[in-house]
Every structure is written in C-alpha cells, then in structure tokens.
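If you want the building blocks of each chain, they are given just below.
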Amino acid sequence: MTRLVKPPERMKKPFLIFAALWLAAAVGWCDGYPEKLDSNTNHLLEPILPAGAGANLLVEGDYPYYGNVPVEMRPYRNIVPHFRYWLTRLPFRGPGRDYPDPPGLSSLKIGLLSPPNYGTEAKRGELSRQGVQLAIEEANAARRPGELPFELVERADSPQWGSAANIAVDFADANVLAFIGTIDGDATHVALRVALKTETFIVNCSDPDPSLTETQIPWLLRNFPDNRQHGYLLARLIVEERGLTNIVVLRANNRPGRMGVRPFVDAVRRLGHPVLQEINFKEGERTFETSITVLKQAQPDAIVLWGNPAETGLVAAQLRSAGVKAALFGFDRLVDPEFVRLAGLAAEGVTAAFFFDPERTDPVWLGFVARYEKRFGQRPEHYAAYGYDGTKMLLAAIRKVGPNRYRIHDAMTSIDEYQGVSGYMRFDGRWDNIAPIVYAQYLGGKWHYLPAPPAKSTQAARN
Amino acid sequence: MLGLQLAGGPRVRSAETAGPDLPFPLIERFETYGAAEGLPGHKIQCVTRASDGRLWVGTYEGAAVRENGRFHLISTNAGLSHRMVMCLVEDPRRGDLWLGTMRGLNRYSAGRITTYTQTDSGLPNNVIYGLAIMNDSLWVATAAGLGMLELKTGSWKIYDHNNTVMHEPWVYAVKSAGDRLFVGVWGGGILEFEPANGIFKEHRDPDRDMHFDLTPDDGPVSDVTSWIAWDAGILWQSTYFGLSRYDGSRWRTWQEKKSPLPSNFVNFVWARGPVAWVGTDRGLAVTDGSIWANYRTTDQGTGMLEIAAPGRPVENRRMTTALPNNFIHGIWVDDHEAWLATADGLAHAFLAAPRTAGKAGDAKTNPATPSFGRN
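About the cut-offs
- Residues numbered from 1 in each chain as written.
- Chains lettered and ligands numbered in written order.
- Predicted model: local features only at pLDDT ≥ 70, side-chain atom pairs only at ≥ 80, totals over all residues.
- Heavy atoms only, no water.
- Contact = heavy atoms within 4.5 Å.
- Buried area = accessible area lost by both parts, 1.4 Å probe.
- Salt bridge = Lys/Arg side-chain N within 4 Å of Asp/Glu carboxyl O.
- Helix = DSSP H or I, 4+ residues; strand = E, 2+ residues; numbered from the N terminus.
- Buried < 20%, exposed > 50% of the residue type's maximum accessible area, 1.4 Å probe, protein only.
- Phe/Tyr/Trp six-rings, centres within 6.5 Å; stacked < 30°, edge-to-face > 60°.
- Lys NZ or Arg CZ within 6 Å of the ring centre and 35° of its normal.
- Pairing = 2+ DSSP bridges.
- Axes fitted to C-alpha atoms, helices over the stretch in contact; angles between N-to-C directions.
- Polar contact = N/O pair within 3.5 Å; in protein donor to acceptor, adjacent residues only side chain to side chain.
- Left-handed = near helix turned anticlockwise from the far one by under 90°.
- Nonpolar A, V, L, I, M, F, W, Y, C, P; charged D, E, K, R; others polar.
- Right-handed = clockwise from strand over helix to strand, strands pointing away.
- pLDDT = per-residue confidence, 0-100.
- Core = buried A, V, L, I, M, F, W, Y, C linked by side-chain atoms within 4.5 Å.
- Domains from an automatic or database assignment.

**Structural notes on the interface of chain B and chain A**
Move 1: At the interface, 60 residues of chain B touch 57 residues of chain A.
Move 2: Carbon and sulfur atoms make up 54% of the area that chain B and chain A hide from each other, which totals about 5,100 Å².
Move 3: Across the chain B-chain A interface, the total number found is eight salt bridges.
Move 4: One salt bridge in this structure joins A:R270 and B:D209, with 3.8 Å as the shortest N-O distance.
Move 5: Elements supplying a minimum of two residues to the side of chain B that touches chain A: β19 (199-203) and β20 (212-213) of chain B.

**Some details on the pattern of salt bridges**
Move 1: Throughout the structure, instances matching the rule amount to 51 salt bridges over all chains.
Move 2: The salt bridge involving A:R360 is made with A:D362; its shortest N-O contact spans 2.7 Å.
Move 3: Between B:E31 and B:R29 there is a salt bridge, with its nearest N and O atoms 2.9 Å apart.
Move 4: The exposure class assigned to B:E31 is partly exposed, which follows from its relative accessible area of 29%.
Move 5: The exposure class of B:R29 is partly exposed, given its relative accessible area of 35%.
Move 6: Among the charged side chains, a network of salt bridges with common partners joins A:E214, A:R222, A:D226, A:R228, A:R262, A:R430 and A:D432.

**Notes on the packing of aromatic side chains**
Move 1: The tally for this structure, following the rule as stated, stands at 49 aromatic pairs over all chains.
Move 2: Arranged with centres 5.8 Å apart and planes meeting at 70 degrees, the rings of A:F356 and A:Y386 form a pair that is edge-to-face. Note that A:F356 is positioned in the loop between β11 (351-354) and α10 (363-376) and A:Y386 in helix α11 (residues 382-401), a separation of 30 residues in sequence. Each member of the pair, A:F356 as well as A:Y386, is classed as buried.
Move 3: Stacked on the ring of B:F350, the Lys or Arg B:R29 has its end atom at 3.9 Å from the ring centre.

**Looking at the sheet that holds strand β8 (residues 277-281) of chain A**
Residues and elements named next belong to chain A.
Move 1: Read from one edge of the open sheet, seven strands run β8-β7-β9-β10-β11-β14-β15, paired in mixed fashion. Looking at strand neighbours, the two that pair on one side only are β8 and β15 (446-451), the edges of this open sheet. Going across the sheet, the axis of each strand differs from the next one's by a mean of 25 degrees, ignoring polarity.
Move 2: By the bridge criterion, five bridges tie strand β7 (residues 247-252) to β8 in an arrangement that is parallel. Across the sheet, the residue bridging to L250 is I279, located in β8.
Move 3: Each of β7, β8, β9 (302-306) and β10 (327-330) is contacted by helix α8 (residues 309-321), which is oriented at about 155 degrees to β9, the strand it contacts most.

**Focus on the environment of A:F224**
Residue and element names in this part refer to chain A.
Move 1: Within the secondary structure, F224 is located in the loop between β6 (220-222) and α5 (227-241).
Move 2: Classification of F224 as buried rests on a relative accessible area of 1%.
Move 3: Spatially, the C-alpha atoms of F224 and A385 are 9.8 Å apart, while their sequence positions differ by 161 residues.
Move 4: When near neighbours in sequence (up to four residues on either side) are disregarded, F224 contacts N204, C205, S206, D207, P208, F355, H382, Y383, Y386 and N433.

**Examining the side chain of B:K43**
Move 1: Its location among the elements puts B:K43 in the loop between β3 (27-33) and β4 (44-49).
Move 2: A relative accessible area of 6% places B:K43 in the buried class.
Move 3: A polar atom in the side chain of B:K43 sits 3.5 Å from the side chain of A:Y99.

**Comments concerning the packing of helix α3 (residues 163-173) of chain A against helix α4 (residues 185-198) of chain A**
All names here are of chain A.
Move 1: Where α3 contacts α4, the two axes come as close as 8 Å, and the packing angle between them is 35 degrees. By crossing handedness, the relation of α3 to α4 is classed as right-handed. Where α3 abuts α4, its residues A164, A165, A168, V169 and A172 lie against A187, V190, A191, V194 and T198.
Move 2: For the contact of α3 with α4, the class distribution of residues is nine nonpolar, one polar and no charged.

**Looking at the environment of B:F200**
All names here are of chain B.
Move 1: By the secondary structure assignment, F200 is in strand β19.
Move 2: You can call F200 buried: its relative accessible area is 16%.
Move 3: As for F200 and V165, which are separated by 35 residues in sequence, their C-alpha atoms are 6.7 Å apart.
Move 4: Ignoring sequence-local partners within four residues, the contact set of F200 consists of Y159, N163, T164, V165, L191, E192 and F193.

**As for the pairing of strand β2 (residues 108-114) of chain A**
Residues and elements named next belong to chain A.
Move 1: Of all seven residues in β2, six are buried; the element is thus mostly enclosed.
Move 2: With seven bridges connecting them, β2 and strand β3 (residues 150-156) associate as parallel partners. Paired with L113 across the two strands is R155, which belongs to β3.
Move 3: In the classification by handedness, the crossover that spans β2, the intervening helix α2 (residues 122-141) and the parallel β3 is right-handed.

**A short note on the pairing of strand β13 (residues 137-142) of chain B**
Residue and element names in this part refer to chain B.
Move 1: Most of β13 is tucked away: six of the six residues are buried.
Move 2: Burial of the side chains of β13 extends over both faces: S137, W139 and A141 are buried on one face and L138, V140 and T142 on the other.
Move 3: One ladder, built from six bridges, connects strand β12 (residues 128-134) with β13; its direction is antiparallel. Residue pairing for β13: M134 is matched across the bridge by S137.
Move 4: Between β13 and strand β14 (residues 145-150), which pair antiparallel and follow one another directly, the connecting turn spans two residues.

**Focus on unusual backbone geometry**
Residues and elements named next belong to chain A.
Move 1: Going from G181 to T182, the amide bond is cis rather than trans, its omega being -15 degrees.
Move 2: Relative to the assigned elements, T182 resides in the loop between β4 (178-181) and α4.
Move 3: Positive phi outside glycine occurs at W86, with the angle close to 65 degrees.
Move 4: By the element assignment, W86 lies in the loop between β1 (83-84) and β2.

**Section: the environment of B:W139**
Residue and element names in this part refer to chain B.
Move 1: Its location among the elements puts W139 in strand β13.
Move 2: Among the residues examined, W139 registers a relative accessible area of 2% and is labelled buried.
Move 3: Separated by 18 residues in the primary sequence, W139 and K157 have C-alpha atoms spaced 9.6 Å apart.
Move 4: Each residue touching W139, except ones within four places of it in the same chain, is listed here: G130, L131, A132, M134, L146, G147, M148, Y159, V174, L181, F193 and P195.
Move 5: A polar contact of 3.0 Å, which involves the side chain of W139, links it to the side chain of S137.

**Regarding the confidence of the model for chain A**
Residues and elements named next belong to chain A.
Move 1: A residue-level look at chain A finds 88% of positions with pLDDT of 70 or above and a mean pLDDT of 89.
Move 2: The low-confidence segment residues 1-32 (pLDDT under 50) makes 48 contacts with residues lying over four places distant or belonging to another chain.
Move 3: Across residues 457-463 the pLDDT falls below 50, and counting only partners more than four positions away or on other chains, this stretch makes 19 contacts in the model.

**Examining the nonpolar core**
Move 1: One finds A:F264, A:F339, A:M412, B:W98, B:L105, B:L138 and B:W139 to be the most contacted residues of the largest nonpolar core, which totals 192 residues.
Move 2: In terms of residue count, the dominant contributor to this core is α11(A) (eleven residues).
Move 3: If you count residues domain by domain, this core takes at least three from each of domain 1 (7-36 + 48-65 + 228-354 + 438-451) and domain 2 (108-225 + 361-426) of chain A.
Move 4: If you look at the next biggest cluster of nonpolar residues, it comprises 62 residues, including B:L22, B:F71, B:W270 and B:A293.

As structure tokens, this is what we get:
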C-alpha cells in the first residue's frame, strides 16, 4: 500500500535528518576512521525532484551509463551536465605491450591480497581465497605440455591504513603478473593507486565499495556486483514495488557502511522520498536503545540495515522488541546464518539484495559446488564463487597473451561479458559487473531467492 | 619555411614558422636519454635540476644524477631503499637531495644515503608519492598521511584524519607555496594548510559526484588529485578527470574535448609563473589557461605541435624531433629548458625565447587570459 507523505510530515524531515546526524556524531565517532562533518561548504545541494519528474534520457556512450543506473535514479536527471565520464573506457596509453617476456620464468605468479586472518572480514576472506585457490589448482591440473604452472603469492592485509600499499609494492618486487584482492574498500583503493604506478592489473572479486572504480585508474576489473546494484534494487523494491516512503537507514559507522548505503540513499531521494534518518552504530555495539528511540520518531515504514550480522541481527531483534513494525530491508550481509540466529523471530519477512541464487540447479553451478565441496569440505557461497570466477578470467587472459603485464591489462579490459559459476556478468565502462542481481526474502525459516523486478516507473538507462 | 596543407585536414607547418604571440616559449627540439646514455631504466618517473646545476632523475630501476654530461647510477646497492623512485626535492639550505621511493624516504647528502622507513622513523607509510621543502621542514605525501620532518631536530609529525580535516589519510601530492602548503588528497580534493596558524582549508569538487562534472569552473574538477603545482600565486591541480586552476579567488577547469587539453588523464603539472606544463597520457600541454601548445608524438614517430588560441583556428606544426613517449610522469622547467620524465625515456626540451612582452615568472606582465570558448 502506498503511503503518501503529508505536508506536515514533510516539514519534519529536515529536523529528523539533523537529529539523526547529531546522534551519529554523538555515538559514532569513535572508530578508527570516523566520519566527519564536512568543513567545506561550497558543495551543491542536489534538488529533490518530484516523483516522475522528467529526465534527459539520452546519454551518449559505448556502455551503460554509470553502473546502469536507472534513469529515475540518476543525479540531476533533468540537467545535462558539463561533462560525463566513463562513456567510453579509458585506455592505458603507456608502452609495454612489446616488452619481451621475463627470462627464466619457472612459474606464472599471481598475487592474492586477502583481509587479515582475524577480525570481521577473516571468514569472507578465507572463502574468497578458497575460490581463488581452486581455480589455480584446476588450471594447473589442466595445463598442457610446455605451459608454465601458476603460482599464488599470498599476502594478508593488516588493519593499519596503507598496509595494502606496501603489499602491492611487495607484489611488484615479486614480479607477479597481476593480483587479486580484496574485500576492504580502503585497502583496495590504496593498492590500486600503487598498481597504477607499478602497472600491475588487479582483479577484484569481493569489494562492494561503489567508489573503488571511481578513481579513473584503468588497472582494475571487478566482477563483484557493488553496492550500487544493491542500492538501486532496494530502492525499487521499497519505493516502487511496496510503496513505502518513510525510510530510515541504520548502518555501521565505518567506511564500508558510509560508502555502501550512499547509492541507496541517493536513489530514494531521487525517487522523491529522501531517507528520514541515517543512524549509525558501532561495530561491537550490542544495545541500540538510543538509536531506536530516535528512529521511532520518524514513524518509518521501511528500515534499511547495512552492517555485519553480529550487529544487524541484534538491531532487527531489538527493533521488534521495541514495537517497531516497519518492514526490514538490507544488503547481502543479512543473508547469513548469524543474522538469522541473532534476529530470531525478527528475521521473518526480511528482504535483502543479493548477488545470485545459490540454490540454482544449472550444471555449471552444481559442478562448481561439487568440486568445491570435494576440495574444501563445505558448500561454497558467493565470495568463493566470485573469487573462482575472477581468477579464471585472469588465468585465461594470461594463457592467451603470455607473461606480459600490459597485454594482460589489454586482455582483461577488453572483457564485456563473462559466464561464470556465479552466473552471467556484464561489464560497464569502468569494468564493473552490472549484470542484474537478485533479492532474498526470509520466509518460513528459509531464504527465498527472487529475480529483480523490472523498473516500474521508467525503463532502465540503456540496454 | 613552407607550410603543408593536408588534404581535408588542418594546416600543418614546420615548428619554426611564426604563429600567434605566445605567453610562453615554444619547444624548439627534443633530445632523448635512455639506457644507452647511462640511465638505469627507460621508465622515468621524476626529474629535477638542483641549484648546483646537477640533474637528478628518478626511474623505475633507481636514481641517476647527471654530472659533466654523464649519468651516474644511485641504486639499491648504494643504499637506496627501493628501486622505484617516485619523487625528488632539493633542500636548498643544506644542499641535500631527498628521494621518495615505493619503499621509504632517502636523503642523499655529500655522497651518502640515509634511509627512513615507517618502522624506523616517523614516516607515515613507506609508499611516497610527493615531497616538498618549506623552510626547515620536509613534507612527505604518503599512502597513509602527510609526514613532516623537522630538518633541524630530526623530529617527525604526522598529519592525517586524526588531526586535520582530511577524511581519509591518503595523500598523493604536496607543494609549498610561500607561507602555506597545498596537499593533494585522494578523494579529498586539495587541503590548504597554514602551518604557522595550524589552519586547514578544504577545496573540494562542489558537485561531489565522480561520474560527471555538473558545471565548469565551479571548483576543483575532481576530488581525486593526482598532482598539484603552485607558482606566482596560482595553484594548478592535475587529476585523471581533467585540469584545474585556482588564482585565490576563481577556479577554472578544463577537460578533453571541451578544451584543448589533450587528455583528462593528467599525471603531473609543473607551474612556471602563470603557465602550467601539463603531463598527460597523450603528450605534453603548455598553457596559461587561454593559449595552449600541445606536443605529442604520432604513431609514426613524428613530433607534432598543436597551438590553440581563442578566436583562431587550431594550428598544427610538424617538429623535426619528438617526445620519446607521450605518457609523461614528471616535468621540470626553467626559462631555457624543460626536462620531461616519460614512460619510455627522458626528454630534454630546448626552449625558444618568448616573443611577447610577457615572461615566465611574471604574472602581471602577461596578457589577460580571455576565457576559452565552451562547446
């Protein structure tokens, strides 16, 4: 049922947003890389257009514009900007394609930058690593006479900012042909800047940070659908499919949380329904009473959670205990047994954007599941699948063009589509996977995976 | 000299022919240096001429100093902390040369190298992108913050997200500008820092979206800064999204196709008076913001000069010599010569004398800069 926001309620929004920001400042500025109020005051305030306002539909270019953002969710959609980026792919114009192969090679080295083997990302990092490892083992087992084996050079990141930069230099010193990694957006960003200088290609299979590929460095391909795809899908589900318009966001107060919800927050604002509150919680927080008290003032009908299951599971449970009946939505990390365990009965009805249906029964997926289970004794999930696919893409490129970093770059950056165990991939002008994702609903004690509905109000930006 | 008219194409002349009055000297010819001339590698990252006249070159395979027409190698065997030399700066008061590498900072003093790393000094991170000297302090742009070394005392101070307005501590360029510093922050635009007062000011892209630039000339063209330069009161910002200039009150921005800037991918900018020397992945651009002289090497290896001035047709001139590569990492310029660090060799550019009353280094005597037509 569509709930129309009445004028008096609209007038409350600025106050509620201010209150949420104040609360975020009061409770959240304690983490390692805290958020700050912006000291720069010259930024433009994007106008909130009424729902259904017209758009400039035509965007020239070779690829779907900016993550295939739906027309109605484009920023300033009724204005032609002075300059649009990523309409064509940025080439690497430096030399190197004709360099001779390194002499005396006994293996083809691939770097793997993983999260620390402790902390919140350790488990996901290990799953991704196993996917990478399986792909390399299979490629080595299938190599033909005369072909060199692949060798994995593994390094674990540390929580210290800049650690990944040093590791990226280590990879260059080890003469890796390319490297894979990692989950943390900041670490991947830092490594990518080094990769630009060392001219070493990165395949990213696990970082959802939308800003990763916004730095215009043509040395990275990401097969992991990022938080733009999740955010756009959630915006459509909440506003267009369910007609919910009083939206509150509860998210982790860290860089992934800040960057992760941004596409969603922007999308619903552009649909005419700005988020009423964006409330932060700290990693490790266990009680959310203050946040929930503030949140209830907004009388939300939809609450979007972004964070790890250890917190979001408790948030869900405590929201229901506090009598909040709003529908709960979230990002992929809700689709996790820990979330279900901690949320308890509150998990029922939760909807989350997700990557692909892991209960698919096509032979490609089932074959991968079987091989992975045989090798590692557990069922694979999406981190393993994207790690496997990304590595397969890279290894195929190396086999095709040989041990030359520049030709590997060209082979990787010429990929438009790929069919992997995770499913169909389609890459845009920044080499991000923009293939449609799915969503998951927890009903009757089980996650159900459903295809994304078509955009309701307008067509997608480009086909 | 005879001009050549290509069928259906732009007018092409030899580089020596007269053209419009220019506020900067044109390059007459290039000479190229590589491994055959004693450089340790062909990928050149940075270059600077010290006050004693020696030329310092940072390559991907070590540093080199040119004395008496010969390059002398300074490698990891000599104590350099890493082979990839990213940046160079001279401390004119002491005569020391500082080298930033991919793994640590190095001071070259009287033939000896002293190294500084994040584990044995106050260096914020081993990956060093930029260096600047301000009086008796060395400023180091690293992948994890801005470091400041007091050269008199040897003490360090780190500037990062904890004690500045920068949101995240990735710093990629630093430039001293009289009583202040400009700091290029990845995703954070430019920080203007007055050390005497401890004041930080942010310069950010107003539209805040990376996938478009909403309006021109409204601020930095992007928050992702690749390099900064400053001279004569004018700040230049290079980015991979175009070029920006700030004169203290007004911003100007340039992007490829919307202006004569040859590419949005700008690695480096050097300021000389009111003129910027711009290193892109499609050659060298020299501009005062109004008139442009763009140098590139064609696929056939021919040097080409393109001159663009408001109200005039673009003029193309063929050169007798060419850049060794169009991918330019670093630049050093004075009134007579320019040195260009390219991805395939070091170029020495010989400059013709400027033909107008304006001269480099004197912003006031240069002609006004009419705005370039937007299309």
